Amino acid sequence: MQAYWTHSPKELFALLATAQGGLTQSEAERRLAVTGANSVAKAQGAGVLRLLARQYESPLVLILIFAAVVSIIVQEWTDAIIILLIVIGSTILGFTQEYRASEAVRKLRERLSLQALVTRDGAMRPVDASLLVPGDIISLSAGNLVPADGVVIEARDFLVSQAALTGESFPAEKSTEPSPEAAALPQRRNVVYLGTSVRSGTAKVLVVKTGAETEIAGLASHISQASSETDFERGIRRFGYLLTRIMVVIVLGVLTVNLMLHRPPIDSLLFAVALAVGLSPELLPAIMSVTLSAGARRMAERGVIVRRLDAIENLGSADVLCTDKTGTLTKGVVELSGAMNPAGEESGDVFCLAFINATLETGIENPLDAAIIAHAGTQQLAVALPAKIDEIPYDFLRKRLTIVVESVEGPARHTILTKGAFDNVIACCTQIAAKDGSRPLDDESLQRVRAFYEQRGEAGFRVLGLASRTVPAKDHYDKADETEMVFEGFLLFFDPLKEGIEATVQSLSALGIATKIITGDNRYVAAHVGAAIGLDPARLLTGEQLNEMRDEALWHQSAKTHLFAEVDPQQKERIVRALQRSGHVVAYMGDGINDGPALNIADVGISVDQAVDVARETADIVLLQRDLDVLRQGVIDGRHTFANTIKYIEITTSANFGNMISMAVATVFVPFLPLLAKQILLNNFLSDLPSIAISTDNVDHEATALPQRWDISRIQSFMLVFGLISTVFDLVTFAVLLGVFRAHEALFQSTWFVVSLMTELVVVLVLRTHRPAWKSTPSRTLLYATAAVFVMALYLTYNSFIASMFGFVPIPWHLMAIGLFIVAAYVAATEVAKTMYFARRAGRAGRSVR
């Protein structure tokens, strides 16, 4: 439908063959069969063929295919077949693991599908957003994500944040008035778009476009929006740069030396290509997918749903947790403790005004209004509700909610009832209620009510202000009418701390995670809660102080501050950025509309499944229950996953690096190629097989005790130290084979292939832990997989079919016994070097902390 924003709602009803009562269910199902699911992501994006094709996008796989093509050109058919078989084997292995991982994550995400409130068959009902069709009528309120493109047919103070689509910083107000045909996307004031979010107010929207027809789908087909790079993604990128530099130096050097020694050019080229592949952990994507999906499944069993896999690693790396207090630190069961007049006395009149305001508001659902209404039920209080005239919804700048009703003085007068944050309500007032009516709000009265507010706040109560004003009747009211009001009194709410929350916060601290409270509540309540859970209430910054602070000052202060109070959504985002700028990995936990920006830019955003749409859909991790202890266990799971990922990278790159250096050295001193290209590739493939089981490996307690982050210099030093130890024993093997046994080419290659493979297998069991190997138990899967490939290594050269295919010859048993002795010596040397290496690194870390 062209220029649909130019039509009135009545015209659109006719064009889309629908009505105010919505579509029938049968008609909606018929249209769904025609339009398809309301989803921007194409089904093939995660499909089987796409996932299989992605395995062949790896540069390492492309290098191997190049080697196979070269072999075919020179008619080395056996080499070509072997290389292609290894390519197919590696890619099928990677595909199988990634497919299983993606299916596991898909099933977890289905548990968090977005719901929309739709009118069908004349009644409103929740429906999965993917089932929406053109002609549906949806109801939206503050906190909802807009699930499709549509035209507003009813609106009340309806503000929509369109930053995801238009880049606008401030919400746009929407209305039912048609827009000009030439209006640009941001100027179409009667249209809402898929992916935007409702900031305040309510509306009914007629769905016009869904799925691939939406504006955001069209935008996505032309550009790819890059999200900010996380700590984990930075680590992977830098690791890739490190491998590339080493690979280029070794490969070019080896190829040059071989050509200078007048060795066959094709064999030399294939050997250099095999070296390049051999240095790289080509199963890293599969290993990471398996490890992360295994972590996601473990976390799901504990009620933690992972929406983005690499968030697991980021959660394990987090050293700062920013959280609101309600429902996380407190029980989240807010109760109205009192409705007080300005003198601090219980007042039924104040409660009646609060009840009218809470019952008639239709904007943001919140626990405070629910507590007021529940109090009336438990106390069996009957309050007559006047006719509602208008509503000025709550927003995070005013921090007030206003309801306009018919006045008791008659239909010619209206009463404005406003409740909200004390400071924001008292700022609207010029009068204060008294027993004999009202009187001017002078300095003495202001000091008295403020003292009461501060006193109750310091005692842990959340205190709201309540004000009223009676005015001549008119049709419409806005924020400008919130002025010259009478301060009616206070509403006191109490939300007790969760049992054991102080111990949970202390356990997070023991894990190296500093907890910081970021709340819109007043400073007194924040200080009370902070002190109760062991934070320093003196280390507090308010929103007002943040406004006066330059970014550089905030970078310095953010790490020292324990409590941030009276902050707005933009300030929450600014706090998170300041913490990141000062070197912290930040986890942010929130469930409200005002948490969306901070959740989006945090290293890992955490929400709960009861959160508003915009918070839940922005979050990387969703908790099925509001429990910091569940999150604490999630942190440990994240560190477990991170430890196993780093374990694979460090062990594999160090072993491969050692072998590559050995072959580079042997190129100069050995009169033939130390291994054929196909033997290098087979060695690499077999040594990687047990590594798939690393995702199941046990992790020592000390590896999860503190946050772990990518450290390329650490990976590089690990690779150099343990890779060169491997090279030393390879050179010993070369000396024994050539100097003692005068081994010919095939025997040399066969023996070193087996010894090299065995050293790569057993070193996994040594280097998988910082403890002595015998004091840390590997998982059974890893142990059995390693043992199986070890036995296979012993058998390979004695199988005539395999031997003839790869150029092996049987190894005499006395030579095999010497090879096993060299492997045992290598294990002992590596164990000693490991103890010294980690002791020295721990010493350096201790000195840097001091």
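See the structure printed just above.
These remarks concern the structure in this document. Keep in mind that what you see is a predicted model, and the values were worked out from it rather than measured.

1. So, the nonpolar core
The nonpolar side chains of a soluble globular protein tend to be buried with one another.
Logical step 1: Membership of the largest hydrophobic core comes to 57 residues, with the highest contact counts inside it found for Leu321, Ile606, Ile621 and Leu628.
Logical step 2: When neighbours within four sequence positions are excluded, isoleucine 621 is seen to be in contact with Met299, Val304, Ile305, Ala311, Leu315, Val604, Gly605, Ile606 and Ser607.
Logical step 3: Val254, Phe672, Leu747 and Met816 belong to the second-largest nonpolar core, a separate cluster that totals 36 residues.

2. Here we look at unusual backbone geometry
Logical step 1: For aspartate 121, which is not glycine, the phi torsion reads 55° and is therefore positive.
Logical step 2: The residue aspartate 121 is located in the loop between β1 (115-120) and β2 (123-128) in this model.
Logical step 3: Taking relative accessible area as the criterion, aspartate 121 reaches 45% and is therefore assigned partly exposed.
Logical step 4: Even without being a glycine, lysine 399 presents a positive backbone phi close to 55°.
Logical step 5: Position of lysine 399 among the secondary structure elements: in the loop between β11 (388-392) and β12 (400-407).

3. Some points on the pattern of salt bridges
Logical step 1: Under the defined criterion, the tally for this structure stands at 27 salt bridges.
Logical step 2: Notably, a salt bridge pairs arginine 714 with glutamate 650, separated by 3.2 Å at the nearest N-O pair. Separated by 64 residues along the polypeptide, arginine 714 in helix α25 (residues 712-740) and glutamate 650 in helix α23 (residues 628-669) bring together distant segments of the chain. Each member of the pair, arginine 714 as well as glutamate 650, is classed as buried.

4. Some details on the side chain of serine 347
Logical step 1: Along the chain, the position of serine 347 falls in the loop between β10 (335-340) and α12 (348-360).
Logical step 2: The contacts of serine 347, once residues within four sequence positions are left out, are Ala339, Met340 and Asn341.

5. A short note on the packing of aromatic side chains
For any pair of aromatic rings, geometry is given as the distance between the ring centres together with the angle between the planes.
Logical step 1: Applying the stated criterion to the full structure yields 21 aromatic pairs.
Logical step 2: Here the aromatic rings of phenylalanine 718 and phenylalanine 838 are separated by 6.4 Å at their centres, their planes lie at 45°, and the arrangement is tilted. With a gap of 120 residues between them, phenylalanine 718 in helix α25 and phenylalanine 838 in helix α29 (residues 813-849) connect regions that are remote in the sequence.
Logical step 3: Accessibility expressed as a relative area gives 1% for phenylalanine 718, which makes it buried.

6. Overview of the environment of alanine 705
Logical step 1: Positionally, alanine 705 belongs in the loop between α24 (677-688) and α25.
Logical step 2: Exposure remark for alanine 705: the relative accessible area of 21% places this residue in the partly exposed category.
Logical step 3: In this structure, the C-alpha to C-alpha distance between alanine 705 and alanine 510, residues 195 residues apart in sequence, is 7.6 Å.

7. Focus: the sheet that holds strand β21 (residues 586-589)
Logical step 1: With mixed pairing, the eight strands of this open sheet are ordered in space as β8-β23-β22-β21-β9-β18-β20-β19. Looking at the sheet topology across the chains shown, the edges are occupied by β8 (304-306) and β19 (540-542). Shown here is a sheet whose adjacent strand axes are inclined to one another by a mean of 20°, direction ignored.
Logical step 2: Note that β8 and strand β23 (residues 621-623) share three bridges and pair antiparallel.

8. Brief notes about a nonpolar patch on the surface
Logical step 1: Together, Ile72, Leu84, Ile88 and Ile92 give the surface a local cluster of nonpolar side chains, amounting to about 300 Å² of exposed area.
Logical step 2: In terms of residue count, the dominant contributor to the nonpolar patch is helix α5 (residues 77-110) (three residues).
Logical step 3: Mapped onto the secondary structure, leucine 84 falls in helix α5.

9. Points about the state of the cysteines
Simply put, the disulfide is a covalent bond whose two ends are the sulfur atoms of two cysteines.
Logical step 1: Enumeration according to the criterion identifies zero disulfides in this entry.
Logical step 2: Its sulfur unpaired, cysteine 428 is 6.2 Å from the next cysteine sulfur, which belongs to cysteine 429.
Logical step 3: For cysteine 429, a relative accessible area of 9% translates into the label buried.

10. Focus: the packing of helix α16 (residues 501-510) against α23
Logical step 1: It is the contact of α16 with α23, at a shortest axis distance of 9 Å, that shows an interaxial angle of 20°. Judged on the interaxial angle alone, α23 and α16 are roughly parallel. Crossing angle aside, the handedness with which α16 passes α23 is left-handed. Note on element contacts: α23 touches α16 through Leu628, Asp629 and Arg632, opposite Ile501, Thr504, Val505, Ser507 and Leu508.
Logical step 2: For the contact of α16 with α23, the per-class residue count stands at four nonpolar, two polar and two charged.

11. Considering the packing of α23 against α25
Packed helix pairs are specified by the crossing angle of their axes together with the interaxial distance, meaning the distance between the axes.
Logical step 1: Two elements in contact, α23 and α25, have axes separated by 7 Å at closest approach and are oriented at 45°. In terms of their interaxial angle, α23 and α25 are classed as oblique. As for how α23 packs across α25, the hand of that crossing is right-handed.
Logical step 2: In terms of residue class, the contact of α23 with α25 is made up of 15 nonpolar, eight polar and three charged.

12. Overview of the pairing of strand β7 (residues 197-209)
Logical step 1: The buried fraction of β7 is high, at 12 of 13 residues.
Logical step 2: Pairing geometry for strand β4 (residues 149-161) and β7, over 10 bridges, is antiparallel. Each bridged residue has a counterpart across the sheet, and for serine 161 the counterpart in β7 is serine 197.

The rules behind the values
Residues numbered from 1 in each chain as written. Predicted model: local features only at pLDDT ≥ 70, side-chain atom pairs only at ≥ 80, totals over all residues. Heavy atoms only, no water. Core = buried A, V, L, I, M, F, W, Y, C linked by side-chain atoms within 4.5 Å. Buried < 20%, exposed > 50% of the residue type's maximum accessible area, 1.4 Å probe, protein only. Contact = heavy atoms within 4.5 Å. Helix = DSSP H or I, 4+ residues; strand = E, 2+ residues; numbered from the N terminus. Salt bridge = Lys/Arg side-chain N within 4 Å of Asp/Glu carboxyl O. Phe/Tyr/Trp six-rings, centres within 6.5 Å; stacked < 30°, edge-to-face > 60°. Pairing = 2+ DSSP bridges. Axes fitted to C-alpha atoms, helices over the stretch in contact; angles between N-to-C directions. Patch = residues over 30% accessible without salt bridge, like charges linked within 9 Å, V, L, I, M, F, W, Y side chains within 5 Å. Areas by Shrake-Rupley, 256 points an atom, 1.4 Å probe, with all protein chains shown as cover. Disulfide = S-S within 2.5 Å. Parallel < 35°, antiparallel > 145°, perpendicular 65-115°, else oblique. Left-handed = near helix turned anticlockwise from the far one by under 90°. Nonpolar A, V, L, I, M, F, W, Y, C, P; charged D, E, K, R; others polar.

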